[in-house]
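# Secondary and tertiary structure notes
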Amino acid sequence: MAELAIRVRDLVRRFGDFVAVDHVSFEVERGAIYGFLGANGAGKSTVIRMLCGLLRPSSGEAEVARVDVARHPEEVKRRIGYMSQRFSLYGELTVDENLKCFGALYGLSGARFRDRRAWALETVHLGDVVGRTVAELAGGVRQRVALACALLHEPELVFLDEPTGGVDPLMRRTFYGLVDALSVSGVTVFLTTHFLDEAEYCHRLALIGAGRLLAEGTPTELKARLADRALLEVRTAAPGPALTALSGVPGLAEASVFGAGVHLVLEPGADE
């Protein structure tokens, strides 16, 4: 049986009366690229924050790198790398100064830091920008610097929260080449995205909407599952009430808020 890097059972997160994550369960094998796919507001970032030990679950169980995230969040943080959806670097510092700063935060020094710095400059292709301030770099290059900083301490698992937002397609392809190399080396990668083309890079995917897990499987399995079903989009200024009103429609398999509208997946043959 494959070793698990993440195990989640009935994970729930409430903010007052609002349920942001609603009884989500899944498992991620060690060394896999696992994608969380959903629209903005679907619950992706809330899940990732709980798994990183940054947000306490309201209920349920979650283990990351064999550590219970609710009981030992600080131990989880020591074992993972985390790259937020917003740039997490110091813009007024150079690339090298950012590496030194994050190295110190992770407790790296001396020969150990020099080795990891050399690895970052070579693996993430930063040698030509090492002396430039982060603020003057293009978005895709900044994301590579952020990835290097998240990997300096050699975590066994790295979380990437919408890592290519605002990055051009060519840079996105380069970035995912680095992600694939991480997976080959045995590092588990958990990423969130709302780009369908990025989902193709993942070994397994989970589709989340309105805080609920809608489907899970390989990209091929998920596409095959929807091959005989119609997908409809309802454009509305009030997606929440629309979702509630549509949830009981006969022949409807799934419904979820997606952007400024509602996506409906019909049962096979329901569109005839």
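Below you will find a few notes about this structure. (Residues numbered from 1 in each chain as written. Predicted model: local features only at pLDDT ≥ 70, side-chain atom pairs only at ≥ 80, totals over all residues. Heavy atoms only, no water.)

## Quick notes on helix α5 (residues 139-151)
Note: α-helices contain 3.6 residues per turn, so residues at a spacing of three or four share the same orientation. Taking 1.5 Å of rise per residue, the 13 residues of α5 would be expected to cover 18 Å, and the 19 Å separating its terminal C-alpha atoms lies within 8% of that figure. Counting buried positions along α5 yields 11 of 13 residues, so the element is predominantly enclosed. For α5, the complete set of buried residues consists of G140, V141, Q143, R144, V145, A146, L147, A148, C149, A150 and L151. Residues of α5 that are buried sit in contact with β6 (80-83), α3 (95-105), α4 (110-123), β7 (157-161) and α6 (169-184). (Helix = DSSP H or I, 4+ residues; strand = E, 2+ residues; numbered from the N terminus. Expected span 1.5 Å × (residues − 1). Buried < 20%, exposed > 50% of the residue type's maximum accessible area, 1.4 Å probe, protein only. Contact = heavy atoms within 4.5 Å.)

## Description of the packing of aromatic side chains
Throughout the structure, instances matching the rule amount to nine aromatic pairs. With a centroid separation of 6.4 Å and an interplanar angle of 45°, the aromatic rings of Y90 and F102 are classed as tilted. Highlighted residues: Y90 in the loop between β6 and α3 and F102 in helix α3, separated in sequence by 12 residues. Among the aromatic side chains, those forming a connected cluster through ring pairs are F26, Y34, F36, F159 and F190. A cation over an aromatic ring shows up here: R13 above the ring of F15, its NZ or CZ 4.6 Å from the ring centre. The ring centre of W119 lies 4.3 Å from the NZ or CZ of R116, which sits over that ring. (Phe/Tyr/Trp six-rings, centres within 6.5 Å; stacked < 30°, edge-to-face > 60°. Lys NZ or Arg CZ within 6 Å of the ring centre and 35° of its normal.)

## Here's the deal with the environment of K44
Mapping K44 onto the fold places it in helix α1 (residues 44-51). On the accessibility criterion, K44 (3% relative accessible area) is buried. It is 6.3 Å that separates the C-alpha atoms of K44 and T192, two residues lying 148 residues apart in sequence. In contact with K44, not counting residues within four places along its chain, are F36, L37, G38, A39, E162, T192, T193 and I208.

## What to know about the environment of G251
The residue G251 is located in the loop between α9 (239-246) and β12 (252-258) in this model. Taking the relative accessible area as the measure of exposure, G251 reaches 30% and is therefore partly exposed.

## So, unusual backbone geometry
A negative phi angle characterises most non-glycine residues, just as the trans form characterises most peptide bonds. Despite not being glycine, D10 shows a phi value in the positive range, around 50°. Judged by relative accessible area, D10 falls into the partly exposed class, the value being 43%. Even without being glycine, E154 reaches a positive phi, approximately 55°. By the secondary structure assignment, E154 is in the loop between α5 and β7. Exposure remark for E154: the relative accessible area of 46% places this residue in the partly exposed category.

## Thoughts on the sheet that holds strand β8 (residues 188-193)
Read from one edge to the other, the open sheet built from six strands follows the order β6-β7-β8-β3-β9-β10, with strand pairing classed as mixed. Each edge of the open sheet is held by one strand with a lone partner, namely β6 and β10 (212-217). Within this sheet the neighbouring strands show an average axis-to-axis angle of 15°, counted without direction. With four bridges joining them, β6 and β7 adopt parallel strand pairing. Counted as the bridge partner of Y82 is F159 from β7. (Pairing = 2+ DSSP bridges. Axes fitted to C-alpha atoms, helices over the stretch in contact; angles between N-to-C directions.)

## A short note on the packing of α5 against α6
For any two helices packed against each other, one specifies the inter-axial angle together with the distance between the axes. At a closest axis distance of 9 Å, the pairing of α5 and α6 adopts a crossing angle of 15°. Comparing the axis directions of α5 and α6 gives the class roughly parallel. Here α5 and α6 pass one another in a crossing that is right-handed. Between α5 and α6, the contacting residues are G140, V141, Q143, R144, L147 and L151 on the first element and M171, F175, L178 and L182 on the second. (Parallel < 35°, antiparallel > 145°, perpendicular 65-115°, else oblique. Left-handed = near helix turned anticlockwise from the far one by under 90°.)

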